[in-house]
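# Close look at the chain arrangement
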Amino acid sequence: MTAYDVIVLAGGAAKRLGGADKPGVRVGGRALLDRVLAACDGAARTVVVGDRRATARPVVWTREVPQGGGPLAALGAGLKLTTAEYVLVLSADLPFLGPGTANALLAAAGQPGREGALCTDPDGRDQPLVAAYRAEPLRRELALIATEHGSLAGLPLRILTAELELARIDAGPDAVFDCDTWDDIAAARARIREHGAVLDEWITSVKNELGIELDVDTGVLLDLARDAAHGVARPAAPLTTFLVGYAAARASAGAGPDEAAAAVAEASRKATALALRWEAEAEAAGQGGDAAGGPAGGTKPDAGREGTGTP
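Just so you know, these numbers come straight off a predicted model, no measurement behind them. (Residues numbered from 1 in each chain as written. Predicted model: local features only at pLDDT ≥ 70, side-chain atom pairs only at ≥ 80, totals over all residues. Heavy atoms only, no water.)

### Focus: the packing of aromatic side chains
One pass over the structure, following the stated rule, counts one aromatic pair. Ring centres of Phe-96 and Phe-177 lie 5.7 Å apart, and the angle between their planes is 50°; on these two criteria the pair is classed as tilted. Highlighted residues: Phe-96 in the loop between strand E6 (86-91) and helix H3 (99-109) and Phe-177 in the loop between helix H6 (173-176) and helix H7 (182-191), separated in sequence by 81 residues. Judged on exposure class, the residue Phe-96 and its partner Phe-177 are both buried. The ring of Phe-177 carries Arg-191 above its face, with NZ or CZ at 4.7 Å from the centroid. (Phe/Tyr/Trp six-rings, centres within 6.5 Å; stacked < 30°, edge-to-face > 60°. Helix = DSSP H or I, 4+ residues; strand = E, 2+ residues; numbered from the N terminus. Buried < 20%, exposed > 50% of the residue type's maximum accessible area, 1.4 Å probe, protein only. Lys NZ or Arg CZ within 6 Å of the ring centre and 35° of its normal.)

See the structure below:
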């Protein structure tokens, strides 16, 4: 994987949000800034240009000079704190940005003859704040622009992108969906609750809230909950999944994420097998016998003891 740093621009005035703290606005219970940070957690260094705040993972903070000097000034301030050959540049208001888009940008930026890569929106417009750049030409062009104009403050990003050899990728509308207005925020909040997305969004939010970095097969856990609810009793589903998590934590204490995920899978397998045995016994009881063909209740006379004098 390409080594890279990331610069997240989080210092805008958010005028169309009435001056609200846009990076801190929550979508799916998670701040917009944290959602963007989750998409680039493989960065060697993460620089956020904006006011300091609590974040889901450690970052380096800086501000553009002067504050409110615009995206080009913010990019210049962030670039001073990076050292990697490639720099991912993102705005802080992208609720649906994912690691796949970040990786695609870095791969495209590394193509021969390219000095970076950026996403385009569904209308074909460039999105220079959903982009990856080679650091050396980025520094070169920013220095030339600052010399020509006296500073970077107040200048549009298109002055920069026009001077770079950039690849363009269509990462789909979700990757470049940004939240500039309260209508955008409402649309993002509604989208994460759609049937095909709500479960993954919820699990990701829970892991983020609990500080868990663990990839598990949620399908296995859902199957376990279904089997426990059906074969035992409905309240058994949440209680069983809790006990599976507790058992997995004990079994993998001190181990890494891969071992912990394996422990969850093994505990789930055992609990599922137990739930299926309960279900089989219940079905056998309803048919008047157990799985071994004995009478209902599962108590079979101990024929081997008859006439032996054994109490």
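### Re the nonpolar core
Note that soluble globular proteins tend to have their nonpolar side chains buried in a common cluster. Core analysis: the largest hydrophobic core is formed by 31 residues, its most contacted members being Leu-88 and Leu-90. Secondary-structure elements contributing two or more residues to this core are strand E1 (4-9), helix H1 (32-38), E6, H3, strand E7 (116-120), strand E8 (126-134) and strand E9 (166-169). Considering every element that reaches this core, the biggest residue donor is H3, with five residues. Once residues lying within four places of it in the same chain are set aside, the contact partners of Leu-88 are Tyr-4, Asp-5, Val-6, Ile-7, Cys-40, Ala-102, Leu-105, Ala-131 and Ala-132. Ranked by size, the runner-up nonpolar core spans 24 residues in total, among them Val-49, Ala-74, Ile-145 and Leu-155. (Core = buried A, V, L, I, M, F, W, Y, C linked by side-chain atoms within 4.5 Å. Contact = heavy atoms within 4.5 Å.)

### Focus: the pattern of salt bridges
One pass over the full model with this rule turns up 16 salt bridges. One salt bridge connects Asp-93 with Lys-22, and the closest N-O pair in it is separated by 2.9 Å. On the criterion of sequence distance, the pair formed by Asp-93 in the loop between E6 and H3 and Lys-22 in the loop between E1 and strand E2 (26-27) is long-range, its members being 71 residues apart. You can call Asp-93 buried: its relative accessible area is 5%. According to the relative accessible area criterion, Lys-22 is buried, its value standing at 17%. Linking Arg-140 and Glu-141 is a salt bridge whose minimum nitrogen-to-oxygen distance equals 3.0 Å. Linked by salt bridges that have partners in common, Arg-16, Lys-22, Asp-93 and Asp-180 make up one network. (Salt bridge = Lys/Arg side-chain N within 4 Å of Asp/Glu carboxyl O.)

### Things to note about the side chain of Thr-101
Note on placement: Thr-101 falls in helix H3. Residue Thr-101 is classed as buried on the basis of its relative accessible area of 11%. In this structure, Thr-101 is in contact with Cys-119, Ala-171 and Ala-175, ignoring residues within four places of it in sequence.

### Side note on the sheet that holds E1
With respect to topology, seven strands assemble into an open sheet ordered E5-E4-E1-E6-E8-E7-E9, the strand pairing being mixed. One side of each edge strand has no neighbouring strand; the edge strands of this open sheet are strand E5 (60-62) and E9. Mean inter-strand twist for the sheet, computed between neighbouring axes without regard to direction, equals 25°. Note: E1 against strand E4 (residues 46-49), four bridges, orientation parallel. Bridge pairing in E4 links Leu-9 to Val-49. Lying over the sheet, helix H2 (residues 71-79) contacts E1, E4, E5 and E6, oriented at roughly 145° with respect to E1. (Pairing = 2+ DSSP bridges. Axes fitted to C-alpha atoms, helices over the stretch in contact; angles between N-to-C directions.)

### Notes on the packing of helix H9 (residues 218-231) against helix H11 (residues 257-286)
Axes are the key here: two packed helices are described by the angle between their axes and the distance separating the axes. The geometry of H9 relative to H11 is characterised by a closest axis approach of 9 Å and an angle of 25° between their N-to-C directions. Our classification of the angle between H9 and H11 gives roughly parallel. Handedness of the H9/H11 crossing: left-handed. Contacts between H9 and H11 involve Val-220, Leu-221, Leu-224, Asp-227, Ala-228, His-230 and Gly-231 on the former and, on the latter, Val-264, Ser-268, Ala-271, Thr-272, Ala-275, Leu-276, Trp-278 and Glu-279. For the contact of H9 with H11, the residue count by class is nine nonpolar, four polar and two charged. (Parallel < 35°, antiparallel > 145°, perpendicular 65-115°, else oblique. Left-handed = near helix turned anticlockwise from the far one by under 90°. Nonpolar A, V, L, I, M, F, W, Y, C, P; charged D, E, K, R; others polar.)

### Examining helix H8 (residues 198-210)
Working note: α-helix, 3.6 residues per turn, so residues spaced by three or four point in the same direction. Here H8 is 13 residues long and its end C-alpha atoms lie 18 Å apart, about the 18 Å a rise of 1.5 Å per residue gives. Among the residues trailing H8, Gly-211 stands out with phi positive, at a value near 70°. (Expected span 1.5 Å × (residues − 1).)

### Considerations on unusual backbone geometry
Following Val-65, the chain continues into Pro-66 via a peptide bond in cis, with omega recorded as -5°. Its place among the elements puts Pro-66 in the loop between E5 and H2.

### Looking at the side chain of Lys-22
Polar side-chain contacts of Lys-22 include one of 3.4 Å to the backbone oxygen of Cys-179. Residues contacting Lys-22, with those up to four places away along its chain left out, are Ala-14, Leu-17, Leu-32, Asp-93, Cys-179 and Asp-180. (Polar contact = N/O pair within 3.5 Å; in protein donor to acceptor, adjacent residues only side chain to side chain.)

### Comments concerning the pairing of E8
Burial analysis of E8 places seven of its nine residues in the buried class, the great majority of the element. As paired strands, E6 and E8 are joined by five bridges and run antiparallel to one another. Residue pairing for E8: Val-89 is matched across the bridge by Ala-131. Between E7 and E8, which pair antiparallel in sequence order, lie five residues; one of them, Gly-124, sits at a positive phi of approximately 85°.

Keep in mind that these numbers describe shape and distance, not what the molecule does.
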